[in-house]
Amino acid sequence: MKHVLIVFTGEFKTKVYPLGGIFQYEHALVLNKKGVKTGIIAPGLLSVRRILKKYPYKKYEILKGIPIFRYFKQNFLPARIGFYNLLLAREYEKIGMKLFEKYIKKFGKPDLIHAHDIRFGIYVANAIYKKYNIPYLTTECSSETAENLFPNPLKKSALNILKKSKAVTACSKPFSKVFKKKLGLKNIKIETIYPVLPGDISKNFTLKKKTNKNFVFITVNRLDKNKNIKLIIESFIKGFKNEKAILKIIGDGPEIGNLIKITKDSGFERKIIFIRKASRKAMKKELAISDCFLSSSLHETFGVVLIEALAFGVPVISTRAEGPSEIVNNNNGFLVKHNDQISYTNCMRKIFFKKKKFNRLKLRKNIIKRFGAEKFAESINKIYKKCLN
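Residues numbered from 1 in each chain as written. Predicted model: local features only at pLDDT ≥ 70, side-chain atom pairs only at ≥ 80, totals over all residues. Heavy atoms only, no water.

Comments concerning the overall build of the chain
For the record, the criterion: Counting from the N terminus, the helices are DSSP H or I runs at least four residues long and the strands are E runs at least two residues long. Atoms counted for the radius of gyration: C-alpha only. Globule rule: 2.2 Å times the number of residues to the power 0.38. Each residue is placed in one exposure class: buried if its accessible area under a 1.4 Å probe, protein chains only, is under 20% of its type's maximum, exposed if it is over 50%, and partly exposed if it falls in between. Residue contacts are counted whenever heavy atoms from the two residues lie within 4.5 Å of one another. We get accessible surface area from the Shrake-Rupley algorithm with a probe of 1.4 Å; when it comes to residues, only the shown protein chains can shield them.
When helices and strands are tallied, the chain shows 14 helices and 14 strands. Over its C-alpha atoms the chain spans a radius of gyration of 21 Å, differing by no more than 12% from the 21 Å that the globule rule assigns to 389 residues. Based on the C-alpha atoms only, the size of the chain along its principal axes is roughly 65 × 40 × 40 Å. Counting all 389 residues of the chain, 54% fall into the buried class. Of all intrachain contacts in the chain linking residues separated by at least 6 positions in sequence, the fraction that spans at least 24 positions is 74%. In the form shown here, the chain has an accessible surface area of approximately 19200 Å², with 52% of it arising from carbon and sulfur atoms.

Written as structure tokens, this is what we have:
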């Protein structure tokens, strides 16, 4: 297998949204390093929130050897309108095909298309397949199926497209089961492609000795109801009023106002720190100086930030969401039932008081072994070979 084209339907690594498509980009970098010619096309319809706002982006560039073709159009109605998604899917097909044809003029036809996102990515892949007879596989990492947010008008056509996919994959085994059940994929086998630990964290570096005056709990998340950050805040308030500990919350979202209010009402403004915006560099710096990472999602298809924290030697406490239940175990942290605040607080206190100790270097080595570039390349090559046979 010599040439793979990744389809990502969204804002891929733009100035406005620099983290868009970061996991697909890491995927491409690993393939490229292993000698597989790899490119990315990113058709996108910008959210109605972008109307009347400037959106600068490069239509074509090469990043670390990966050619990237982008084209974004403004969308004028919210995608939550169910039937409207049928029109959006057709539009993605058109934009995606134009980008594909620009790509092959410059780099030739790929052997395989890898479509990320079943909402629209599979429609682009299927359109290419129908015209050029290039096989495709699909990967789903969005939690919208688990949250019952996948548009009903798309289900029938999506199912027909998935039946033609050489492989249908999801990003963790527990999520694969949820994905299969929610979309009614009775006769379709769902395989697993775990996201790769990003190269800027898995590369060699020395874990620095921590010199914090306070014990640092940290979470990095979009602040919405599914991420359930309220559980983390209430657990911290319950257990750490008189302890030398702080909680850092990196992220923004619709629940920010409610979470700040809970913090103020409890008198914890000095102990709970909100960092609404942080560059990737700043986020890595915060993880490196933290003592425990916290996750509380109701649904989490994988949880790359959990393996990033572990690569910095930081133990993890998480609710038993889909992906975290595969990542977290007795050797690297604690798993807690959803919305069990008492157990969550108890686990936080166990780590705080060192009732359970973790070797930072062992945490790092183990997570690289499980989710690093070598393991990713090995597993994805098996699936790609199967698709082409």
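A short note on the packing of aromatic side chains
The description of two aromatic rings rests on the distance between their centres and on the angle between their planes. Under the convention used in this document: Between the rings of Phe, Tyr and Trp (Trp by its six-membered ring), a pair exists once the centres lie within 6.5 Å; its type follows the angle of the planes, with under 30 degrees stacked, over 60 edge-to-face, and the other angles tilted.
The tally for this structure, following the rule as stated, stands at 25 aromatic pairs. Plain terms: the ring middles of Y55 and F72 are 5.8 Å apart, the flat faces sit at 80° to each other, and that makes the pair edge-to-face. Residue Y55 is located in the loop between strand 2 (37-46) and strand 3 (60-63), and its partner F72 is located in strand 4 (residues 66-74); the two are separated by 17 residues in the primary sequence. Y55 gets classed as buried once you look at its relative accessible area, which sits at 12%. Since its relative accessible area comes to 6%, F72 is described here as buried. Ring geometry for Y60 against F69: centres 4.7 Å apart, planes inclined by 45°, an arrangement best described as tilted. An aromatic cluster of three or more residues is present, and its members are F215, F217, F236, F240, F268, F352 and F353.

Concerning the nonpolar core
Rule in force here: Put simply, a nonpolar core is a bunch of buried Ala, Val, Leu, Ile, Met, Phe, Trp, Tyr and Cys residues held in one set by side-chain atoms that sit within 4.5 Å of each other.
The biggest cluster of nonpolar side chains holds 94 residues, and the ones touching the most others in it are I41, F217, F293 and I317. When residues in this core are grouped by element, the largest group, 11 residues, is from helix 2 (residues 84-107). The next biggest cluster of nonpolar side chains, apart from the first, holds 25 residues, and it includes I40, I68, F376 and Y384.

Focus on helix 1 (residues 22-33)
Note: α-helices contain 3.6 residues per turn, so residues at a spacing of three or four share the same orientation. In plain terms, the rule: Each helix should span, by expectation, one fewer than its residue count multiplied by 1.5 Å.
Under the 1.5 Å per step criterion, the end-to-end length of helix 1 is 17 Å for 12 residues, consistent within 8% with the ideal 16 Å. In terms of burial, helix 1 is a largely internal element, nine of the 12 residues being buried. If you check which residues of helix 1 are buried, you get I22, Q24, Y25, E26, H27, A28, L29, V30 and L31. G35 sits one or two positions beyond helix 1 and adopts a positive phi of about 90°.

Looking at the environment of A170
Turning to its location among the elements, A170 is positioned in strand 7 (residues 168-170). According to the relative accessible area criterion, A170 is buried, its value standing at 0%. Considered as a pair, A170 and T301 are 131 residues apart in the sequence and their alpha carbons are 8.2 Å apart.

Remarks on the pairing of strand 13 (residues 316-319)
Selection criterion: By this definition, two strands are paired if DSSP reports at least two bridges between them. By convention a crossover is right-handed if, when the strands point away from the viewer, the path from the first strand over the helix to the second runs clockwise.
Neither face of strand 13 is open: one carries V316 and S318, the other I317 and T319, and all of them are buried. Pairing between strand 12 (residues 292-295) and strand 13: three bridges, direction parallel. Bridging across to strand 13, F293 finds its partner in V316. Handedness of the β-α-β unit built from strand 12, helix 10 (residues 304-311) and strand 13 comes out right-handed. Here strand 13 runs beside strand 14 (residues 333-336); their pairing, made up of four bridges, is parallel. Within strand 14, the position partnered with T319 by the bridge is V336.

Details of unusual backbone geometry
The residue D117 is not glycine, and still its phi comes out positive at about 95°. For D117, the location among the structural elements is in the loop between strand 5 (112-116) and helix 3 (121-132). The backbone phi angle of N133 is positive, close to 60°, even though this residue is not glycine. Assignment of secondary structure puts N133 in the loop between helix 3 and strand 6 (136-140). Classification of N133 by relative accessible area gives exposed; the value is 57%.

What to know about the sheet that holds strand 9 (residues 215-220)
Basically, it comes down to this: Axes, fitted as lines to C-alpha atoms, cover a helix only where it is in contact. Angles between the N-to-C directions of the axes lie from 0 to 180 degrees.
The sheet built from six strands is open, its strands ordered 11-10-9-12-13-14 with parallel pairing. The sheet is open, and its two edges are formed by strand 11 (272-275) and strand 14, each paired on a single side. Going across the sheet, the axis of each strand differs from the next one's by a mean of 20°, ignoring polarity. The strands touched by helix 7 (residues 229-239) within the sheet are strand 9, strand 10 (245-250), strand 11, strand 12 and strand 13, with strand 10 carrying the most contacts at an inclination of about 170°.

Any functional reading would require information that these geometric values do not contain.
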